[in-house]
Amino acid sequence: MTWLSIAIIAYFILAIVNVADKFILEKVVPGPRTYTFLVGISGVVVIVLAPFGLIWPGWDMLLFNVLIGFFFSAGLMSLYYALKKGEASRVFTLVGGIVPVFTILFSILFLGDKFSSNQWLAILFLLLGTVIISWMTRSHILWTRLKSWFDDSENKKVLVIVLAILSSFFFSLFWVGTKMAYITQPFISAFIWIRVGTFLSALLLLIGKHSRQEIFQDLKKSKSKKNNVYIFFGTQGLGATGAMLQNYAVALGSVALVTSLQGLQYAFLLIFTLVGTLLLPKVIKENITARILSKKVIAIIFIGIGLYFLSK
Amino acid sequence: MTITKVKINLYKSIKKPVVLDLHDINIIIGQNNSGKSNILDAIEFALTDSKTESHIYYAKADIELDFRFTDNEQLKYEFPTSEAVFNLKKGTRELTFDKKTIPYNRTLASILSSSFKRLNERAFLDTNQIENDFHSLFNYPENLAKFRESLQHHFPKVSATENALDINYEHEGLYEGERRVTIDRIGSGFRRIFTTLLYIFHPQYSMVLIDEPEIHLHPAMVKKLLWAMQNSQAGQIFFTTHSPLFITPVTLIQLIRVVKNEEGTQVFGLGKNNINHQRLIQELNADNLEMFFTDKVILVEGVSDRILLRGLIDRFYKGHRDLKVIETHGKGNMLIFVKLLRVFNIPFAVILDWDAIKTNHLRDLVYNLNIKLPPMTEQEFMQELKKFDIYIFPNGDLEANYPRKYQQREDSKTLSALKAARSITEHDFNSKPMFNLREIINNL
């Protein structure tokens, strides 16, 4: 299987997880620190893969892997702070658009990547598609309801942009570092060690008294909703599968191209929403106008063209 | 009586302890002067009282043999248990059971020295001894029947009576069909087979140590002899050989590869290694098993790579090593070959297409070779791997690495490689498009 097909499957799974995440964020875990903490902690479940290839990478590579894991947590934290200060759709648009750009720059800088003209065209179309989709998230995509959940203050625009850029910076470093880790190490081993890094950084959240209290209180609340906790860990399992496939695609292919494909995840979300609106119109109150529909179609076409150029 | 394990140190070329887990059949291979025969010599030396035999005395020799005795032997010699360790250290021999040690007295010396037969050139010529042993085989009808059956399997027309070794025409002896023949007229191969089979099936000798049993034998005979050895179920066999015919996927577990370096003689075998034996049986064949008799193995992905590499090595390789090019049928199969080569300490190089860098097979390979590298780019990684004899074509596959004029559109990749292997000129070999292949060949 090629890296492209693996990446497509990965983003399909991650789109499903995205829908579930929205449900979790609203119903079970009310705090971003708690969510970051749980994502970081639960990421360590990949240790179950240890018998299938975990190796001691040596101290140098261990530190490198752990550092890459830290970048992920840093990206996640910056993202949630950005979401807290600003409007979710804007934050996601910025992050969705900037991560591939930073990743391309870093991959040229640190990995010596070179792209063909077809790949550059693919990147262009994928980015356009991603940005269009992200802008539409304002009111028409399930997880944009997040915005009602955070404070949305227009006068914090600059801070939001800085935080979103910071988040993108960390995520891009994470991805390029991840690729670098996969170049010289067996996939499973590097994948696990990086998650150990994220796990350790999630533990750091417990150091601050305020965040510790927030996390413990949130966890206490969630205890009374056992079913939801199961859903949380269920989606985390699915998320881990998606993330693993996404990482495997990175290991096999170009990290810049895999991250550029993130728009595909939003495209799948759009399709889910459309299907959901048709099947369950009462639950998903989507207001599909011709204008919105045309935007969605344009975005999906752009992503489709991007995919076409990638597969050439 | 069988030896289950042997430890040898400070004997002839063995300067560091050599430990071998032994089987019913033990096939010892290695270059000339590597110390193959020294392993047989060491066992013989330990089991024979050196004062009465014409051995050079190795005062420092430290040899340990783990024995397993049959129920009959245990009863006959009144041994307390079926397992014991025989030690030769500082010239002192003793047999140690769990709770009892038997000193090397005349009885023990007699038991041990008569338990094995060393079949070297001298023994093959000792017709009196062979004749005596042949006569005594008639005391064991079951073994005699097996011997005759096996001899007939090798030489269908020849039958042997009790006086088979008698060269007097007037006595009843050997028959080729209806015709009376004598052993001295029948060819050295027959004599060799006759003697080898005699001792393999002779119950008095529970261990047979043979030096190069393939000498004078046609390859088909070697295969039959191997079959006879594998199915004799009579005793333990040790032999040294230079014949690849004895190496099959099945006998791989019995293989001991002997190597001599600055540290003296060292041995390598599958032992308890976790190589998937079933996979080896699937992958190994008469051609690639030659890897055990070469100086260096070059592992390539496919048939085109093998053909072109072989041709280029034959024509342009300036080194003195004997090189064997083996195709692994894909990069996913490289690891099983690499594991096998590592276990037997056979030097090797790996050549992969560029897309290997995009697979986990390469990382598994790198991990298996215990190569630990810091974070780096793919280009640096490929460069670094050359130090470990892993070459990745940085510009694609084999076809991207020799001039297009040798690759006709109507030809398959294999046919192009075949033609190019014969017709690439020295000028083209030294040209820029062949830089990668030239670099590999020059580094071999």
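This structure is a prediction, so every number in the text was calculated from the model and none was measured.

Chemist: Got a sec to walk through the nonpolar core? Specific residues and values, please.
Modeler: When a protein is soluble and globular, its nonpolar side chains tend to lie buried together. Of all hydrophobic cores here, the largest spans 153 residues; its most connected members are Phe-147, Phe-194, Leu-252, Met-291, Phe-292, Leu-340 and Leu-362 of chain B. In terms of residue count, the dominant contributor to this core is helix α6 (residues 157-184) of chain A (13 residues). The contact partners of Phe-194 of chain B, leaving out residues within four places of it in the chain, are Phe-134, Phe-147, Leu-151, Ala-160, Ala-164, Leu-165 and Ile-183 of chain B. Core analysis: the second largest hydrophobic core is formed by 41 residues, Ala-61, Leu-88, Met-207 and Phe-238 of chain B among them.

Chemist: Explain the interface of chain A and chain B to me, and be specific about the residues and the numbers.
Modeler: Each side of the interface is counted separately: chain A has 20 residues, and chain B has 15 residues. Carbon and sulfur atoms make up 61% of the area that chain A and chain B hide from each other, which totals about 1,400 Å². Among the residues of chain A in contact with chain B, Ile-183, Thr-184 and Leu-252 of chain A are the three that bury the most area, contributing 37% of the side total. Counting across the interface, chain A meets chain B through 1 salt bridge. The salt bridge partner of Lys-179 of chain A is Glu-378 of chain B, with a shortest N-O separation of 3.3 Å. Applying the counting criterion to the chain A and chain B interface returns 5 residue pairs in polar contact (both at pLDDT 80 or more).

Chemist: Kindly report on empty space enclosed by the protein, identifying the contributing residues and their values.
Modeler: Evaluated as defined, the whole model comprises 5 cavities of 30 Å³ or more. Estimates place the volume of the second largest cavity at around 110 Å³. Lining the second largest cavity are 13 residues, and of these Ile-55, Thr-184 and Gln-185 of chain A together with Ile-371 and Lys-372 of chain B sit closest to its centre. Looking at the lining of the second largest cavity element by element, the count peaks at 3 residues for helix α12 (residues 360-368) of chain B.

Chemist: Give me unusual backbone geometry: which residues, what numbers.
Modeler: Residue and element names in this part refer to chain B. For Leu-10, which is not glycine, the phi dihedral falls at a positive 55°. Assignment of secondary structure puts Leu-10 in the loop between β1 (2-9) and β2 (18-21). By relative accessible area, which is 39% here, Leu-10 ends up partly exposed.

Chemist: How would you explain the packing of aromatic side chains if you had to name every residue and give the values?
Modeler: Tallying each qualifying case throughout the model produces 33 aromatic pairs over all chains. Judged by centre distance (5.2 Å) and plane angle (75°), the rings of Phe-115 of chain A and Trp-120 of chain A are edge-to-face. Pairing Phe-187 of chain A with Phe-191 of chain A gives two aromatic rings, centres 5.6 Å apart and planes at 25°, and the pair type is stacked. Of this pair, Phe-187 of chain A and Phe-191 of chain A both sit in helix α7 (residues 187-204), 4 residues apart, roughly one helical turn. Each member of the pair Phe-187 of chain A and Phe-191 of chain A is classed as buried. Ring pairing ties together the aromatic residues Phe-67, Phe-69, Tyr-77, Phe-79, Phe-86, Phe-97 and Tyr-104 of chain B, which thus form one cluster. Cation over ring: Arg-93 of chain B sits above Phe-45 of chain B, and NZ or CZ is 5.6 Å from the ring centre.

Chemist: So what's going on with the pattern of salt bridges? Which residues, and what values?
Modeler: Residues and elements named next belong to chain B. Throughout the structure, instances matching the rule amount to 24 salt bridges over all chains. In this structure, the salt-bridge partner of Glu-121 is Arg-192, at a minimum N-O distance of 2.9 Å. Residue Glu-121 is found in helix α4 (residues 121-125), and its partner Arg-192 is found in helix α7 (residues 188-201); the two are separated by 71 residues along the sequence. When its relative accessible area of 42% is taken as the criterion, Glu-121 is described as partly exposed. Among the salt bridges present, the one from Glu-439 reaches Lys-386, with a minimum N-O distance of 3.1 Å. One end of the pair, Glu-439, is in helix α16 (residues 435-443); the other, Lys-386, is in the loop between α13 (378-385) and β19 (390-392), and 53 residues separate them in sequence. Linked by salt bridges that have partners in common, Lys-12, Asp-41, Glu-44, Arg-118 and Asp-211 make up one network.

Chemist: Would you mind going over the sheet that holds strand β18 (residues 348-352) of chain B in detail, with residue names and values included?
Modeler: Residue and element names in this part refer to chain B. Read across the open sheet, the 4 strands follow the order β17-β16-β18-β19; overall the sheet is parallel. Two strands close off the open sheet at either side, each with one partner strand: β17 (323-327) and β19. The sheet shows a mean angle of 20° between the axes of neighbouring strands, taken without regard to direction. As defined by bridge partners, β18 adjoins β19 across 3 bridges and the pair is classed as parallel. By the bridge assignment, Val-350 is partnered in β19 with Ile-390.

About the thresholds
Residues numbered from 1 in each chain as written. Chains lettered and ligands numbered in written order. Predicted model: local features only at pLDDT ≥ 70, side-chain atom pairs only at ≥ 80, totals over all residues. Heavy atoms only, no water. Core = buried A, V, L, I, M, F, W, Y, C linked by side-chain atoms within 4.5 Å. Buried < 20%, exposed > 50% of the residue type's maximum accessible area, 1.4 Å probe, protein only. Helix = DSSP H or I, 4+ residues; strand = E, 2+ residues; numbered from the N terminus. Contact = heavy atoms within 4.5 Å. Buried area = accessible area lost by both parts, 1.4 Å probe. Salt bridge = Lys/Arg side-chain N within 4 Å of Asp/Glu carboxyl O. Polar contact = N/O pair within 3.5 Å; in protein donor to acceptor, adjacent residues only side chain to side chain. 1 Å grid on protein atoms, 1.4 Å probe; cavity = no way out; pocket = protein on both sides within 12 Å on 5 of 7 lines; lining within 4 Å. Points joined across faces, edges and corners; volume = space filled by probe spheres on them. Phe/Tyr/Trp six-rings, centres within 6.5 Å; stacked < 30°, edge-to-face > 60°. Lys NZ or Arg CZ within 6 Å of the ring centre and 35° of its normal. Pairing = 2+ DSSP bridges. Axes fitted to C-alpha atoms, helices over the stretch in contact; angles between N-to-C directions.

So far we have only geometry, and geometry alone does not tell us how the molecule works.
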